[in-house]
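# Breakdown of the fold
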Amino acid sequence: MSRVKTLTVASGEGGQRLDRWFRRQFPHVPQGRIEKMCRKGEIRVDGGRVKPATRVEEGQEVRVPPLPEPGEVQQSKARSEISHADALMIREAVIWRDDHIIAINKPPGLPTQGGSGQGTRHVDALAEALRFGYDEKPRLVHRLDKDTSGILLLARSRQVATDLTASFRHRATRKIYWAAVAGLPSPRMGTIKFGLVKAYGGGAGQGEKMICVHPGRISETPGAKRAETDYAVLEQAAQRCAWVALEPITGRTHQLRAHMAEMGHPIIGDGKYGGSSQENLGDGWGAQLGGDLSRKMHLHARHLMIEHPVTRRPLSLTAPMPEHMKRTWDMFQWRAEDVPEDPFTDDE
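Residues numbered from 1 in each chain as written. Predicted model: local features only at pLDDT ≥ 70, side-chain atom pairs only at ≥ 80, totals over all residues. Heavy atoms only, no water.

## A look at helix H2 (residues 31-39)
- The complete set of buried residues in H2 reads Gln31, Ile34, Glu35, Met37 and Cys38. Buried residues of H2 fall within an arc of 160° about the axis and therefore sit on the same side.
- As for H2, its buried residues are in contact with helix H1 (18-25) and strand S4 (48-49).
- Just past H2, the residue Gly41 takes up positive phi, approximately 75°. (Buried < 20%, exposed > 50% of the residue type's maximum accessible area, 1.4 Å probe, protein only. Helix = DSSP H or I, 4+ residues; strand = E, 2+ residues; numbered from the N terminus. Arc of directions from axis to C-beta. Contact = heavy atoms within 4.5 Å.)

Below you can see the structure in the form of structure tokens.
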């Protein structure tokens, strides 16, 4: 085991998540161990307790507790553990690739990162198959929920990762999601401004559930953060189900899912926020409409618009829907060509 040491975040390394910075310093230490050391307060930044997602800045001092030497723990075998089928799957998911950025259409059910209960099959590990001749695997710069599909960006260098992360943090990007929701939202277009706060306790997984807070009570609710989502109804199946476009103005955990459920129109397939007890302005089935509809989450990151971090040209990406959503769209006879690509700016 090594001794306690203090490392300084070097120039060019600021702005990234603590766990990612730590993994680059100590690649043999698994993600789960880093999260545990943060929970126990063994890893500290400038003397304070931190979370794995805390952003480190240049010049900060990171306390590093005693760590096993590389030979004392099982080494990461990401490359060798990736099966041929998984390597092929993640490469076929690529929808954009240049010298600086890779964009994939993340399949539903595939976690973005590892962590508690996520195992080793996730985008961050499978990114080893996306080197395409580069010395390092591409880096994640944002994330999608496990059951949400769609556009996910990866950077092919540390500097591009820093630039893209800043773009997402400063909301210099536009993301439009497609979803099928229970019932028919009214009015057909609007903005949801409920704040969000984590709900701790209440059973397994509840610590990751968000509770909506009335805008007027955000400032007086400990831990609550402002959240804002634009929505637009694109098509409907009577009063039973609606196809909506969602644009998150802020980027909170589970924001779109919690906001639509708070409206009484949970996203189809969202058991966490749209269970049978969920009040629903549609048929009262919550997020499960029954019949031939898939029980998988019907939430897809369809469009992403961003300024390319190197060329500075506008980059607009579109991801095809996953098969279970295509089947739902076919059943309701909804067609992409019948709706505006960007309902929040188009007048059609």
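Let's pick the thread back up.
## Thoughts on the UniProt feature "active site" (unreviewed entry) in the chain
- Residues annotated in UniProt with the feature "active site" (unreviewed entry) correspond here to Asp145.
- Relative to the helices and strands, Asp145 resides in the loop between strand S9 (139-140) and strand S10 (149-155).
- Given the relative accessible area of 13%, Asp145 is considered buried.
- Non-local contacts of Asp145, meaning those with residues more than four positions away in its chain, are made with Lys106, His254 and Arg257. (UniProt positions renumbered as here; feature names shortened; annotations may be inferred.)

## Topic: empty space enclosed by the protein
- For the structure on display, the rule yields one cavity of 30 Å³ or more.
- Along the wall of the largest cavity there are 14 residues; nearest its centre are Gln16, Arg24, Ala161, Thr162 and Thr165.
- Contributions of two or more residues to the lining of the largest cavity are made by strand S2 (16-17), H1, S9 and helix H6 (158-169).
- The element best represented in the lining of the largest cavity is H6, accounting for four residues.
- Across the lining of the largest cavity, the residue classes break down as two nonpolar, five polar and seven charged. (1 Å grid on protein atoms, 1.4 Å probe; cavity = no way out; pocket = protein on both sides within 12 Å on 5 of 7 lines; lining within 4 Å. Points joined across faces, edges and corners; volume = space filled by probe spheres on them. Nonpolar A, V, L, I, M, F, W, Y, C, P; charged D, E, K, R; others polar.)

## Regarding the sheet that holds strand S3 (residues 44-45)
- Across the sheet, which stays open at both edges, the four strands sit in the order S1-S6-S3-S4 with antiparallel pairing between neighbours. The sheet is open, and its two edges are formed by strand S1 (5-8) and S4, each paired on a single side. (Pairing = 2+ DSSP bridges.)

## A look at the packing of aromatic side chains
- Under the criterion given, the structure shown has seven aromatic pairs.
- Look at Trp243 and Trp329: their rings are 5.4 Å apart centre to centre, the planes differ by 65°, and that puts the pair in the edge-to-face class. Of the two residues, Trp243 is situated in strand S16 (residues 241-248) and Trp329 in helix H8 (residues 323-332); the sequence distance between them amounts to 86 residues. Each member of the pair, Trp243 together with Trp329, is buried.
- Among the aromatic residues, ring-to-ring pairing joins Trp178, Trp243, Trp329, Phe332 and Trp334 into one connected group. (Phe/Tyr/Trp six-rings, centres within 6.5 Å; stacked < 30°, edge-to-face > 60°.)

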